Amino acid sequence: MKVIGAGALDARVERIASALAAARPRVVGLIADNGPDWLAADLAAQKARVVLVPLPEFFTDAQRAHAAAASGMDGVIGSPLPGFEATGEIDGLRFYRRESRPVNLPRGTSKITFTSGTTGMPKGVPLRAAQQWAVARAVADATRELGLRRHLCLLPLSVLLENVGGVYPPRLAGAECCVPPLAEVGMRGSSSFDPAACLEAIEHWQADSVILLPQMLAALCAALEHGARPPRLLKFAAVGGAKVSPALIVRARALGLPAYEGYGLSECASVVTLNVPGADRTGSVGRPLAHVQIRILDDEIQVKTSDEWQATDDLGRLDADGFLHIEGRRKHVLITSFGRNVSPEWPEAELLAGQAIAQAAVFGEARPRLCALVVPAAAASPAAIEAQVGAANARLPDYAQIGAWLRADEPFTPQNGFATANGRARRDALWQAYGARLDAVL
């Protein structure tokens, strides 16, 4: 069964939780494709008070080994990891064990989400169950007036945004959650996306809500512009994971995709702000959800959940109506040779607003002009890319315009080390690989 009602999992969750309690692992990894098995294991681990570590199937062996060691993992559900031995099944789920030394985790840790980050090995973020459900409750409350009855999971459930922001709110709201294998919704790995298959899946499952990454939204727009039909029942497409161009949001809505940008971070258990119908400002990432407070300190966004303020390293501002606007990352700010500060996320988002460019990374530190490394969309010609760069430049001030661009040899993916799980470019890795060639075109 791939459509999961709010109460349909309860009996299975109870059985898996009892088995986990009897097996007594401390930390369990979960490696599986999207489906009911994943949901059952996730909820059962919480019930059994076992720390869960969701691991994306697209993580490399080295990344998985690092996550296992860093978390003190002594059990795995789903696919095996080197060094773990099969010990049988738990309610139809393969279970593996190994001896390992415990590591010190914050009190109350329920889940450790590993993000691929921008450099080095994945970073583990420990989360309490209460944090995750506070986010879910706030998302459910913010979207209650939309009458959402069926959510379709398009992102891997191991990605916190889909896990906490996609699966949990329908459970709280008494709605259904559709969890077909990723290949059936057009997702292969972390960065190969078939927009036609995705649109067919949304229609097939009669979904009225989905979560998209910006590059997925751009690909869906291109498919619609080439004759695909917009989903008839879709009411709400939340877009997050990276900065989105306002032009892309406007373009999507004109094509029949109800796109609404949000913002979050792993340390706050995902979503913290969200645009929704009736409380929406294009160009912003929405107002803070009910469970958080936001302040701007020295241009940096800080988020308060429960008692502590969390520094984000994101630059932004709150407008007079309480909408949050993201203006880049503090550590990414480029200073051109003319002394102008530019957050590369800004021109990057504008580059992705059209059909010809699938991914982009902007550079220009201490240079007189900016340059972009671009991954073409499908079979886009150099002329089409040049036209899209020109259109982006027309929306940018002169100091943030792209003076030159270079076509990348391959897409930016977690597998080749050029992107995070959410599709953000890993700038250091890209500069190391392409820096000399980018300098040559500047």
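Residues numbered from 1 in each chain as written. Predicted model: local features only at pLDDT ≥ 70, side-chain atom pairs only at ≥ 80, totals over all residues. Heavy atoms only, no water.

A. Quick peek at the pairing of strand β5 (residues 85-90). Taken together, the five bridges between β5 and strand β6 (residues 93-97) define a ladder with antiparallel strand orientation. Bridge assignment links Ile-90 to a residue of β6, and that residue is Leu-93. The antiparallel pairing of β5 with β6 creates a hairpin that spans two residues between the two strands, and Asp-91 there sits at a positive phi of about 50°. (Pairing = 2+ DSSP bridges. Helix = DSSP H or I, 4+ residues; strand = E, 2+ residues; numbered from the N terminus.)

B. Looking closely at the pattern of salt bridges. Under the criterion given, the structure shown has 26 salt bridges. Between Arg-12 and Asp-37 there is a salt bridge, with the nearest N and O atoms lying 2.7 Å from each other. Note that Arg-12 is positioned in helix α1 (residues 10-23) and Asp-37 in helix α2 (residues 36-48), a separation of 25 residues in sequence. Residue classification places Arg-12 among the buried positions, given a relative accessible area of 17%. The shortest N-O distance in the salt bridge between Glu-203 and Arg-232 comes to 2.3 Å. On the criterion of sequence distance, the pair formed by Glu-203 in helix α6 (residues 195-204) and Arg-232 in the loop between α7 (214-225) and β14 (236-239) is long-range, its members being 29 residues apart. Among the residues examined, Glu-203 registers a relative accessible area of 27% and is labelled partly exposed. Taken together, the salt bridges that share partners define one network made up of Arg-12, Arg-15, Asp-37 and Asp-91. (Salt bridge = Lys/Arg side-chain N within 4 Å of Asp/Glu carboxyl O. Buried < 20%, exposed > 50% of the residue type's maximum accessible area, 1.4 Å probe, protein only.)

C. Region of the structure containing the sheet that holds strand β21 (residues 324-329). Ordered in space as β18-β19-β20-β21, the four strands form an open sheet in which the pairing is antiparallel. Whereas interior strands pair on both sides, the edge strands pair on one side only; in this sheet they are β18 (292-297) and β21. For this sheet, the mean inter-axis angle between neighbouring strands, taken without regard to orientation, is 50°. For strand β20 (residues 308-318) and β21, the ladder comprises five bridges, and the chain directions are antiparallel. (Axes fitted to C-alpha atoms, helices over the stretch in contact; angles between N-to-C directions.)

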